[in-house]
Structure formats: C-alpha cells, structure tokens
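Overview (structure and organization)
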Amino acid sequence: MTTRILEVRKGILNKNDEIAARLRARFEEAGVLAINLVSSPGSGKTALLERTLAALVARGRKVAAIVGDLETERDATRLARTGAPARQINTHGRCHLEAEMIGRQLEGWDLAALEFLFIENVGNLVCPSSYDLGEALRVVLLSVTEGEDKPLKYPGMFNSADVAVVTKIDLAGPCDYDRDAAHANIRAVRPDITIVETSARTGAGVDAWLALLDEARS
Ligand SMILES: Nc1nc2c(ncn2[C@@H]2O[C@H](COP(=O)(O)OP(=O)(O)OP(=O)(O)O)[C@@H](O)[C@H]2O)c(=O)[nH]1
Ligand SMILES: [Mg+2]
C-alpha cells in the first residue's frame, strides 16, 4: 500500500518536472531571470518584493511578479502598487505552486520584454521544495523572528535553495537573533549558499540583494 502511494506521488512530480523544464527553456530563450521565493508564512516575501519591485521599476528595469496564496488577492494588490505587473494565483487549499499554474499565468505576457520574473510561492517550509517552477534562482527567506533552528528542522527547503535571505534584520536585537548560529545552520544543510540579510522596513541589505540579482542575470 505504501509503495503504491509513493508511485502516484512520483508520477505527479515527474509531470511537474517536465512542465518546469519547458518553462525553464522558455525563460532562458526570452532572457528573463525567474526567481522563486519560498519561506514560511509571514517571513516577509511580499515586503521584500515590494521594496525590490519599487527599486527596479524606479531604475527602469523590466519586472513582473506572480504570487501564490491559498486565498485572496492581497499580495498581488500590494505588489501592483509598485507599478510592476503582478498576478495572483489562488491555490484553494494547495500548499505550493506548481509549474503548470505558472504556465497558465504567463499567457499574454511578453517574456522577452522582461528582465526579472519574481514568483512568490505559498508560505510553507515543506511542500514548495519539491516543486520546480522552472526558476533560475530559488531563494529561501528566514526571518529573525522564526528562530535560527529552522534550516535544521526543514532541511529540504534550505538544501534546495540557491540563495538564503535573512529578513526583518531590523528586529535582530529584540529577537536576540544569533547571526553565527543562523548562518551555521543554513550552511549545515547547504554549505556554499549565498546569504544576504535584509530589512524591508529600513531598506538595510536591499542594495546587496539587488546586486545579487543583477549578477545572476549576467
Ligand atoms: N519589522 C519588520 N517587519 C517586516 C519586515 N518584512 C515584513 N515584515 C512584516 O511581517 C509581516 C508579514 O510580511 P509579508 O511580507 O506579508 O510576509 P509573506 O512572507 O509575504 O507572508 P505570506 O505571503 O502570508 O506567506 C507583515 O506584518 C510585515 O509588515 C521587515 O523587514 N521588518
Ligand atoms: Mg506574501
């Protein structure tokens, strides 16, 4: 019985991987950098994207965003205020985005006219790690309010990421954030990962984050 369940899951993932591979080829051909942001709920994905999109739009860069939540258009509404096009996916109970959902959202968008496509995943530190969205860069966020042990407790998510962003760094003091422990725990599951620390509240670290994105495109 257990074996059968595993086989069904593998089948679903294979289908997702095939669609993701096609998406990746489309993104590469169009010259757009797709970035998949993953984290637990409330780590600050939308807040970081609000800052990021606003900064990039102000510099005349071509950006767009797709955001996934179980319900509501709230995050897309927040992101659209930056002037960048933003589309919302409602998963109605599913705890992650799938490649096929991204493919459907791309209809009508001229990918070749974009430099960056940000995809904010559903807030969840488990399921999104298994679903490739065709992204070039997977970015995992960890806020200082969550505790430094999260990479050890949810290794799949941190292990599958290319970049880690420690968010809400303005709250480091009140939260007794232990930087050495946080970085050591992230690197325990993903040794060579790049780590950036940001605050969407003060803007700290955002320039380093933007520089990293530019470098990833070059
Ligand atoms: N102090 C501080 N608060 C922040 C920062 N970033 C986000 N917040 C707050 O944290 C809460 C959650 O932020 P969101 O950006 O909505 O988090 P999210 O990861 O997009 O949440 P979901 O989409 O629900 O998973 C909000 O109340 C934000 O104002 C930050 O850098 N500093
Ligand atoms: Mg959000």
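Computed from a predicted model, the values in this text were never measured in an experiment. (Residues numbered from 1 in each chain as written. Chains lettered and ligands numbered in written order. Predicted model: local features only at pLDDT ≥ 70, side-chain atom pairs only at ≥ 80, totals over all residues. Heavy atoms only, no water.)

1. Re the packing of aromatic side chains
- Counted under the stated rule, the structure contains one aromatic pair.
- Stacked on the ring of Trp109, the Lys or Arg Arg87 has its end atom at 4.1 Å from the ring centre.
- The residue whose ring lies beneath Arg217 is Phe116, and the NZ or CZ to ring-centre distance is 5.6 Å. (Phe/Tyr/Trp six-rings, centres within 6.5 Å; stacked < 30°, edge-to-face > 60°. Lys NZ or Arg CZ within 6 Å of the ring centre and 35° of its normal.)

2. Quick look at the coordination of the magnesium ion (ligand 2)
- The coordination sphere of the magnesium ion (ligand 2) contains the protein donors Thr46 (OG1), Asp75 (OD) and Glu120 (OE), at a distance range of 2.0 to 2.1 Å.
- Sequence spacing of the donors to the magnesium ion (ligand 2): T-x28-D-x44-E. In this pair, Thr46 sits in helix α2 (residues 45-58) while Glu120 sits in strand β4 (residues 116-120), placing the two residues 74 residues apart along the sequence. Judged on exposure class, the residue Thr46 and its partner Glu120 are both buried. (Donors = N, O, S within 2.8 Å, 3.2 Å for Na, K, Ca; no water. Helix = DSSP H or I, 4+ residues; strand = E, 2+ residues; numbered from the N terminus. Buried < 20%, exposed > 50% of the residue type's maximum accessible area, 1.4 Å probe, protein only.)

3. Regarding helix α8 (residues 206-217)
- For α8, which comprises 12 residues, the first-to-last C-alpha distance of 17 Å matches the rise-based estimate of 16 Å (1.5 Å per residue) to within 8%.
- Turning to α8, its buried residues number three or more, namely Val206, Trp209, Leu210, Leu212 and Leu213. Down the axis of α8, the buried side of the element spans an arc of 155°, and every buried residue falls inside it. Of the exposed residues in α8, those oriented more than 90 degrees away from the buried face are Asp207 and Glu215.
- Looking at the buried positions of α8, the neighbouring elements they touch are β1 (33-38), α2, β4, β5 (137-143), β6 (163-167) and β7 (194-197). (Expected span 1.5 Å × (residues − 1). Arc of directions from axis to C-beta. Contact = heavy atoms within 4.5 Å.)

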